[in-house]
Structures are given as structure tokens and as C-alpha cells.
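Fold and contact review
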Amino acid sequence: MTQDFMTAKPRRLAVALVALAALAACDDSPLDFDMRGRMGGSVDTSAAALGAVAPRPQPDDRGVISYPNYQVAVARRGDTVASLAQRIGADAGAVARYNGLMPDDELRFGEVVALPSRVAEPAGGPIRAPEDVTAIAGAALDRIQAPSVQTSSLEPAPAAAAQTGVEPTRHQVKRGETAYTIARSYNVSVRSLADWNGLGSDFAVREGQFLLIPVVVAGEEPAESAPITAPGEGSPTPVPPSASAPLPAERPAPAAAPVATPPAPDIGKQSAPKTQAAMSMPVSGSIIREYSQGKNDGLDIAVPAGTAVKAATEGTVGAITQDSSTGSSIVVLKHSDGLLTVYMNVTDVKVAKNDRVSRGSTIASVAEGSPSYLRFGVYQGNKAVDPAPYLAP
């Protein structure tokens with residue numbers, strides 16, 4: 001027997017407990033990954049769905065969106081980091097390192113990838129703020145209207161119109177952050193954050209990833225909450241009824257009926273509350289490992305190989321299966337009140353499924369091992385519990 005068996009997780013009981021899963025109720029509550037359910041309440045996204053946001057600008061024919069201070073590229077269907085970099089004329093290794101990816105990593109359709117250095121500008125140049133474009137256009141008109149010598153009747157080809165818009169904040173994801181926490185910190189909805197950055201349906205982000213924060217449409221910011229007023233200000237205090245009419249005269253409360261004092265209990269005649277009958281140890285040996293929730297699903301009791309394993313209490317054989325990692329057997333007994341006892345690392349099984357067994361009857365022997373031991377577990381339904389409280393002192 002190897003140490004791996006002693007430290008293995010409770011998955012070894014999966015085969016045996018599947019047949020008995022109907023004995024226990026299942027918890028169907030959905031997991032709340034981002035703690036947005038307020039520990040059990042329904043998901044509340046109203047605080048994050050704040051303000052209408054502008055649509056993300058359209059990339060050029062290569063997939064590049066260019067701002068004055070940085071550029072990003074938008075992945076096409078079937079793109080990898082390498083194919084995207086080749087299309088825009090960038091170094092695949094540099095793009096991959098900058099985004100915490102590998103050159104052959106596949107990208108989602110519409111996923112935004114930050115560029116470590118500028119590539120060729122799209123036609124019309126980078127996206128400019130509306131006032132910048134107005135100023136540039138005004139200067140161009142001044143030049144056109146200035147007196148000049150006409151040398152040709154040919155009109156110049158119109159220049160490509162520059163896109164206008166606000167350069168969004170760029171956020172680099174830190175360890176522990178999620179799309180939800182980032183969206184809340186910038187007062188935008190997580191859906192708009194996902195749409196702007198081509199996130200997947202699970203809104204997953206990775207540490208070091210660059211995200212564009214959606215631009216809130218001017219004039220459509222969320223309404224501010226009502227100002228907090230000092231005491232005495234704001235709405236007037238209502239006048240109490242006693243200001244216009246006296247309060248009714250108080251009536252004395254009726255005397256309470258005397259309470260009979262119960263006689264003092266005779267401690268010598270009292271008996272312990274009725275609980276689950278104490279179980280007996282299935283083998284007599286030294287406990288080499290105690291029960292630990294989530295780490296060790298029973299008591300490990302060291303005994304020589306071949307030692308007879310006894311039923312801890314009367315019950316019915318619910319399952320007999322084999323541990324694929326060690327080749328030893330597992331016996332599961334069903335008892336009243338939904339309890340199960342589990343005997344692991346055994347061999348030479350003496351019982352069959354659906355057999356009735358009495359307390360202390362031999363059901364198997366301890367298997368060979370170094371050390372050789374029995375793991376004894378108690379389950380309430382399909383959940384492991386500490387066997388110690390069930391065992392007779």
C-alpha cells in the first residue's frame with residue numbers, strides 16, 4: 001500500500017456512493033462566482049448597468065483600431081496571435097508577450113489584442129476627438145480660401161475621413177480582478193465591457209490582459225443620488241397627533257397570572273437523550289490519521305494485514321466495489337437515519353450486496369499494505385462526517 005492511497009481524495013468512493021446518491025438531498029443552489037448574489041440572494045446587476053455607452057469604433061480592413069496614444073487589433077474568425085500579427089505587420093512574439101499569450105494561441109472572434117508598438121496608421125490616421133477634427137478641418141478651409149494662383153482645373157482626390165471619438169481608458173487586469181469588479185469600478189455594465197473587448201460568454205479575463213473601458217455617452221450618465229441633508233433640513237418633520245389632542249389616559253396593565261414553578265428534576269433518575277446508537281470500532285488498532293474535512297474522509301486504523309473487519313453497527317450491504325488505484329475492495333453498509341458506514345482498503349469480502357449484517361459480524365479482512373490499515377468512514381447521505389462522535393467510548 002502506498003502513501004498515495006492515504007492522501008487520496010474522496011473520489012475513490014464515487015462508484016460506491018453513486019448507487020446510494022438517492023438517499024441524500026442535493027443542493028441545487030447555483031454558485032455565485034463573483035459574490036454578486038449577496039451571499040444567497042439573487043444576482044443584482046443594477047449597480048453595474050450604469051449609463052449608456054457608445055459603440056466600439058470599427059477597425060480598418062486589417063482589424064486595427066488606432067488611437068493617438070495606443071493601438072489595438074481585433075481578431076477575425078480562426079485567428080491565432082501569429083496570424084493576426086502577420087496581417088497587421090507586427091512581431092508575433094512581441095504581441096504575444098505583451099498580452100500574456102503564446103504566438104500559437106487561438107483567439108476568439110472579435111477579441112481585442114493590445115499592440116506593444118504602433119503599426120502603419122489606418123487611412124485617415126488615428127481616431128481623434130471631435131474638437132481636434134474640427135480644428136484640423138478649419139485650418140484646411142483657411143488654406144483653401146486663401147488667395148492662390150490657380151494652376152490646374154483638376155480637383156484633388158478627397159482624403160479619407162478621419163474617425164472621431166473619445167480615446168477610452170485602457171485597464172490592465174490585476175491578479176484577483178474579474179470582469180464584474182472591473183466593470184463596477186468604472187461604472188459600466190459587464191456586458192458592454194465584454195462587447196468592447198470580445199470577451200467570452202463566461203466573461204473570463206486573465207492577469208495582465210489589456211481591456212478597453214467603454215466610453216459613456218455624454219449626457220446619459222447615471223442620475224446622481226439625492227444629496228444627503230443635515231439634520232433639521234429637507235422635508236419638514238410631521239406634527240405628532242398629541243400636538244392637537246391629548247393622549248388617552250394610560251390604563252394599568254392587568255396583573256400577570258402566577259406562573260407555576262415546575263418541580264426540580266431528579267438528576268439521578270434522568271436518562272441521556274435518545275441518539276444514534278454508539279458504533280463499535282470495526283478493528284482494534286492505533287489511529288494513525290484522524291478525520292479531516294475535505295482532506296481525510298475517515299479514520300485510518302493501523303492493524304496487521306488479514307485482521308477481521310467487523311460491522312460497526314447493524315445494517316444492510318449497500319455496495320461492494322473496488323478501488324482502481326490499489327486493487328483493494330470497498331464495502332458500504334446502509335443504516336437507519338440515512339447513515340452509511342464505509343470500510344476501505346479491505347479484501348476477502350464475506351458479504352454480498354443487500355445482505356443484512358449484525359453489529360460485530362465479520363464483513364472482510366484488512367488488505368496488505370505498508371503500512372496495512374483500515375480506513376473507516378461515516379457518511380450522512382453522501383457527505384463524509386467525523387466518525388468519532390458515533391463510536392462508543
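Each value, and the rule that gives it
- Residues numbered from 1 in each chain as written.
- Predicted model: local features only at pLDDT ≥ 70, side-chain atom pairs only at ≥ 80, totals over all residues.
- Heavy atoms only, no water.
- Helix = DSSP H or I, 4+ residues; strand = E, 2+ residues; numbered from the N terminus.
- Buried < 20%, exposed > 50% of the residue type's maximum accessible area, 1.4 Å probe, protein only.
- Contact = heavy atoms within 4.5 Å.
- Areas by Shrake-Rupley, 256 points an atom, 1.4 Å probe, with all protein chains shown as cover.
- Salt bridge = Lys/Arg side-chain N within 4 Å of Asp/Glu carboxyl O.
- Polar contact = N/O pair within 3.5 Å; in protein donor to acceptor, adjacent residues only side chain to side chain.
- Pairing = 2+ DSSP bridges.
- Axes fitted to C-alpha atoms, helices over the stretch in contact; angles between N-to-C directions.
- Core = buried A, V, L, I, M, F, W, Y, C linked by side-chain atoms within 4.5 Å.
- Phe/Tyr/Trp six-rings, centres within 6.5 Å; stacked < 30°, edge-to-face > 60°.

1. Some words on the overall build of the chain
In terms of helices and strands, the chain carries seven helices and 15 strands. Burial statistics for the chain: of 393 residues in total, 34% are counted as buried. Intrachain contacts of the chain at a sequence separation of at least 6 include 65% that bridge at least 24 residues. Of the roughly 24400 Å² of accessible surface on the chain, 56% is carried by carbon and sulfur atoms.

2. Comments concerning the pattern of salt bridges
The tally for this structure, following the rule as stated, stands at ten salt bridges. Two residues, R108 and E111, come together in a salt bridge whose shortest N-O distance is 3.9 Å. Using a relative accessible area of 33% as the deciding quantity, one classes R108 as partly exposed. Between R375 and D297 there is a salt bridge, with the nearest N and O atoms lying 3.5 Å from each other. Placement of the pair is R375 in strand 14 (residues 373-380) and D297 in the loop between strand 6 (286-289) and strand 7 (299-302), with a sequence separation of 78 residues. The exposure classification of R375 matches that of D297, with both residues buried. Bridged by salt links that share partners, the residues R108, E111 and R206 form one connected network.

3. Focus on unusual backbone geometry
For the bond from S370 to P371, the omega torsion is 5°, close enough to zero to count as cis. One can find P371 in the loop between strand 13 (362-366) and strand 14. Its identity is not glycine, yet N345 carries a phi of approximately 70°, on the positive side. Counting through the fold element by element, N345 comes out in strand 11 (residues 339-347). In this model, D348 sits at a positive phi of 50°, which is unusual for a non-glycine residue. Judged by its relative accessible area of 43%, D348 is partly exposed.

4. Details of the side chain of D300
Tracing the backbone through its elements, the reader meets D300 in strand 7. Of the polar contacts made by the side chain of D300, one reaches the side chain of R375; its length is 2.6 Å.

5. Here we look at the environment of V188
Structurally, the position occupied by V188 is in the loop between helix 6 (179-185) and helix 7 (190-197). Given the relative accessible area of 1%, V188 is considered buried. Counting along the chain gives 135 residues from V188 to V53, while the straight-line C-alpha distance between them is 7.8 Å.

6. Comments concerning the sheet that holds strand 3 (residues 112-114)
Read across the open sheet, the three strands follow the order 1-2-3; overall the sheet is antiparallel. In the strand order of this sheet, the two ends are held by strand 1 (64-66) and strand 3, each with one partner. On average, adjacent strands in this sheet sit at an angle of 30° to one another, irrespective of strand direction. In this sheet, strand 2 (residues 71-74) lies alongside strand 1 in antiparallel orientation, the contact comprising three bridges. Of the residues in strand 2, the one forming a bridge with S66 is Q71. Seen against the sheet, helix 3 (residues 81-88) touches strand 1, strand 2 and strand 3 and runs at an angle of roughly 120° to strand 2.

7. Describing helix 7
In terms of residue burial, helix 7 counts as a mostly covered element, since six of its eight residues are buried. Listed in full, the buried residues belonging to helix 7 are V190, S192, L193, A194, W196 and N197. As for helix 7, its buried residues are in contact with strand 3, helix 6 and strand 5 (210-212). Backbone geometry just after helix 7 places G198 at a positive phi near 65°.

8. Observations concerning the environment of Y180
One can find Y180 in helix 6. Accessibility expressed as a relative area gives 24% for Y180, which makes it partly exposed.

9. Observations concerning the nonpolar core
Across soluble globular proteins, nonpolar side chains have a tendency to be buried as a group. Counting 34 residues, the largest nonpolar core has M279, V309, L333, Y343, I363, L374 and F376 as its most contacted members. Those elements that place two or more of their residues in this core are strand 7, strand 9 (315-322), strand 10 (329-334), strand 11, strand 13, strand 14 and strand 15 (383-385). A total of six residues in this core trace back to one element, the largest contributor, which is strand 11. Once residues lying within four places of it in the same chain are set aside, the contact partners of L374 are P282, V283, L299, D300, I301, V309, Y343, M344, V346 and V366.

10. Details of the side chain of H171
With respect to the helices and strands, the residue H171 is situated in strand 4 (residues 170-172). At a separation of 2.9 Å, a polar atom in the side chain of H171 contacts the side chain of E177. Side chain to side chain, H171 and Y186 meet in a polar contact 2.9 Å long. Leave out the neighbours within four places in its chain, and H171 touches E177, I182, Y186, Q209, F210, L211 and I213.

11. Some thoughts on the packing of aromatic side chains
For the structure shown, the criterion picks out four aromatic pairs. Ring centres of Y98 and F210 lie 4.8 Å apart, and the angle between their planes is 20°; this geometry places the pair in the stacked category. You can see Y98 sitting in helix 4 (residues 92-98) and its partner F210 sitting in strand 5, a full 112 residues away along the chain. Judged by its relative accessible area of 11%, F210 is buried. Measuring from centroid to centroid gives 5.4 Å for Y343 and F376, while their planes differ by 45°, and the two rings are tilted. With Y343 in strand 11 and F376 in strand 14, this pair connects stretches of sequence that are 33 residues apart.

In short, the description is geometric, and any link to function would need to be established separately.
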